[in-house]
Amino acid sequence: MGLALAHQLARRGQNVQVISRRRSEAAGFVAAGMLAPHAEGLSGHLLALGQRSLELVPSWLQQVEADSDLDCGHRPCGIVVPFRSEQERDAYPTASCGVALNRAELEREIPGIAAGWRTGLLFEQDGQIDNRRRLMRALERACSRLGVQFEEGAEVQSLQASGHGALEAVSLRRADGELQHLPCQQAVLCSGAWSGQLLPELPVFPVKGQMLSLQAPRQALRRVLFGPGTYLVPREDGLLVVGATSEPEAGFSEGLTPEGQKQLQAGITALLPEASQWPPMERWWGFRPCTPDEGPLLGASPLTGLWLACGHHRNGVLLAAITAELLAGAITQETPSSADAALLRAFSWKRFKRDAQPSTRQP
């Protein structure tokens, strides 16, 4: 979110500084990169937000690639969701957006799929981005070329507010240990699962996920396979990304666990048995930034001048394009379309206001 926004703001002529505590913590470096508003079975405003972002992805990536001279790894490969019965399939929230598959068609789309899956939905409009290896690096290079300044290894300690509740400065500790008071009147809070630590009014909490990758035979899987609890995302070079556990009780506990890795292995076997024999390449974990309704927090915050782009849960890569568009437009005071204005209202932090009162104190 930070890089996507920095890029769009710099394109609009803004002076931007990215403050990052630890680059590797960013969810963009751990997510599977699915573009899956339909395969995820989203509904309501969240589905509308995801569909709008999916429409923007090609032009957004074209900008990033032009500004970085790097390929972002976009693959509009389609996603298959398998089901054990036609009743389960037809009850899926986005069933009307997909193509129904019988068992023979399912086997043609996903060779080797386990016998228990009798039917499926193919969402040809969904796809993926190789975010870990390509998109994040392309965004970094595009931002740098546009003059964005980076302060890596710096941790924001607090947000300083005026007596009228307006942002005045941020206090941060730099990598060399120096404490710095950085005056600013506009900032974007896109600190992922840690966003609530800087602004306690925000109900953002971590949901840990563990993942792994396998080296598959070339062209073993053309489509993303999105099963219940486990998904398989094939990259162009044969690497297969497998995710992800969902561990809300883990908090910010780092590291792999035997239980989590066993869960992933069981999910692989249940979906694509032959893949359980493919060699593992890498194992990692990360923290999804979640909210109580699993929707993001976008737009203005309780603190005047501080904008929100956080709480994207498991759809951060998908929603990066629309988040950057909406927030960059709001910050530079562009007039939004009626549809975009409605999306900003739908994902305002104020939907949780009854549970948390805004504060004008200095955090």
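This text goes with the structure placed above it.
Here goes a summary of the coordinates provided. (Residues numbered from 1 in each chain as written. Predicted model: local features only at pLDDT ≥ 70, side-chain atom pairs only at ≥ 80, totals over all residues. Heavy atoms only, no water.)

### What to know about the overall build of the chain
Next, step 1: Assigned secondary structure in the chain consists of 9 helices and 19 strands.
Next, step 2: The globule rule puts the C-alpha radius of gyration for 363 residues at 21 Å, and the 21 Å found for the chain is close to it.
Next, step 3: Taking all 363 residues of the chain together, the buried fraction comes to 54%.
Next, step 4: Considering only contacts within the chain whose residues lie at least 6 apart along the sequence, 74% involve residues at least 24 apart.
Next, step 5: Where the 35 positive side-chain charges of the chain centre and where its 38 negative ones centre are 1 Å apart. (Helix = DSSP H or I, 4+ residues; strand = E, 2+ residues; numbered from the N terminus. Rg over C-alpha atoms; globule rule 2.2 N^0.38 Å. Buried < 20%, exposed > 50% of the residue type's maximum accessible area, 1.4 Å probe, protein only. Contact = heavy atoms within 4.5 Å. Lys, Arg positive; Asp, Glu negative; His and termini not counted. Charge placed at Lys NZ, Arg CZ, Asp CG, Glu CD.)

### Quick notes on the sheet that holds strand E7 (residues 127-129)
Two orientations exist for strands paired in a sheet by backbone hydrogen bonds: parallel and antiparallel.
Next, step 1: Spatially, 3 strands are ordered E2-E7-E3 in an open sheet, and the strand pairing comes out antiparallel. Both edges of this open sheet fall to strand E2 (34-35) and strand E3 (74-75), since each of them pairs with a single strand only.
Next, step 2: Across 2 bridges, E2 lies against E7 in antiparallel orientation. By the bridge assignment, Met34 is partnered in E7 with Gln128. (Pairing = 2+ DSSP bridges.)

### Describing the packing of aromatic side chains
Next, step 1: This structure, assessed with the given rule, holds 5 aromatic pairs.
Next, step 2: Relative to Phe252, the ring of Trp194 has its centre 5.0 Å away and its plane inclined at 20 degrees; by these criteria the two rings are stacked. On the criterion of sequence distance, the pair formed by Trp194 in the loop between strand E12 (187-189) and helix H6 (195-198) and Phe252 in the loop between strand E16 (239-243) and helix H7 (258-271) is long-range, its members being 58 residues apart.
Next, step 3: Judged by relative accessible area, Trp194 falls into the buried class, the value being 15%.
Next, step 4: Relative to Phe287, the ring of Trp194 lies with its centre 5.8 Å away and its plane at 85 degrees, an arrangement referred to as edge-to-face. Taken together, the positions of Trp194 in the loop between E12 and H6 and Phe287 in strand E17 (residues 280-290) put the pair 93 residues apart, joining distant regions of the chain. Here the two residues Trp194 and Phe287 agree in accessibility, since each one is buried.
Next, step 5: What links up through ring pairs into an aromatic cluster is the set Trp194, Phe252 and Phe287. (Phe/Tyr/Trp six-rings, centres within 6.5 Å; stacked < 30°, edge-to-face > 60°.)

### Comments concerning the packing of helix H1 (residues 2-11) against helix H8 (residues 316-331)
Next, step 1: In contact at an axis separation of 9 Å, H1 and H8 are set at 45 degrees when each is read in the N-to-C sense. The angle between H1 and H8 places the two elements in the oblique class. For H1 against H8, the interelement crossing comes out right-handed. For the pair H1 and H8, contact is made by Ala4, Leu5, Gln8 and Leu9 and by Ala320, Thr323, Ala324, Glu325, Leu327, Ala328 and Ile331, respectively. (Axes fitted to C-alpha atoms, helices over the stretch in contact; angles between N-to-C directions. Parallel < 35°, antiparallel > 145°, perpendicular 65-115°, else oblique. Left-handed = near helix turned anticlockwise from the far one by under 90°.)

### Topic: the state of the cysteines
Next, step 1: Per the stated rule, a full pass over the model turns up 0 disulfides.
Next, step 2: The thiol of Cys184 is not disulfide-bonded; the next cysteine sulfur, from Cys190, is found 13 Å away.
Next, step 3: Considering cysteine sulfurs only, Cys190 is the nearest to Cys310, which forms no disulfide, with 8.1 Å between them.
Next, step 4: When its relative accessible area of 2% is taken as the criterion, Cys310 is described as buried. (Disulfide = S-S within 2.5 Å.)

### Considerations on the packing of H1 against helix H5 (residues 131-145)
Next, step 1: As a packed pair, H1 and H5 sit with axes 9 Å apart at the nearest point and diverge in direction by 35 degrees. The hand of the H1/H5 crossing is left-handed. The residues of H5 that touch H1, namely those facing Leu3, Ala4, Ala6 and His7, are Met136, Leu139, Glu140, Ala142 and Cys143.
Next, step 2: Its residues placed into classes, the contact of H1 with H5 shows 7 nonpolar, 1 polar and 1 charged. (Nonpolar A, V, L, I, M, F, W, Y, C, P; charged D, E, K, R; others polar.)

### Regarding the side chain of Glu109
Next, step 1: Mapped onto the elements, Glu109 comes out in helix H4 (residues 103-109).
Next, step 2: One polar contact links Glu109 to Arg222, side chain to side chain, over a distance of 3.1 Å. (Polar contact = N/O pair within 3.5 Å; in protein donor to acceptor, adjacent residues only side chain to side chain.)

### Observations regarding H7
Next, step 1: When the terminal C-alpha atoms of H7 are compared, their 20 Å separation across 14 residues agrees well with the 20 Å that a helix rising 1.5 Å per residue should span.
Next, step 2: For H7, every residue scored as buried is listed here: Gly260, Gln261, Leu264, Gly267, Ile268 and Leu271. Buried positions in H7, seen along its axis, are confined to an arc of 120 degrees and lie on one side of it. Opposite the buried face of H7, by more than 90 degrees, sit the exposed residues Pro258, Glu259 and Lys262.
Next, step 3: Where H7 is buried, its residues meet strand E4 (79-83), strand E13 (205-215), strand E14 (224-226), strand E15 (231-234), E16 and E17. (Expected span 1.5 Å × (residues − 1). Arc of directions from axis to C-beta.)

### Details of unusual backbone geometry
When glycine is set aside, most residues are seen to have a negative phi, and most peptide bonds are trans.
Next, step 1: Cis geometry marks the peptide bond from Gly243 to Ala244; its omega dihedral reads -25 degrees.
Next, step 2: Tracing the backbone shows Ala244 in the loop between E16 and H7.
Next, step 3: In the Ramachandran plot, Asp69 falls in the positive-phi region, its phi being about 60 degrees despite a non-glycine side chain.
Next, step 4: Residue classification places Asp69 among the exposed residues on the basis of a relative accessible area of 55%.
Next, step 5: Unlike most non-glycine residues, Gln219 shows phi in positive territory, near 65 degrees.
Next, step 6: Among the structural elements, Gln219 can be located in the loop between E13 and E14.
Next, step 7: For Gln219, a relative accessible area of 55% puts it in the exposed group.

### Considering the sheet that holds strand E18 (residues 297-300)
Next, step 1: Taken in spatial order, the 3 strands line up as E12-E19-E18 in an open sheet, and their pairing is mixed. With partners counted over all chains shown, the strands left at the sheet margins are E12 and E18, one partner each. Ignoring which end each strand starts from, the neighbouring axes of this sheet average 25 degrees apart.

By themselves these figures say nothing about function.
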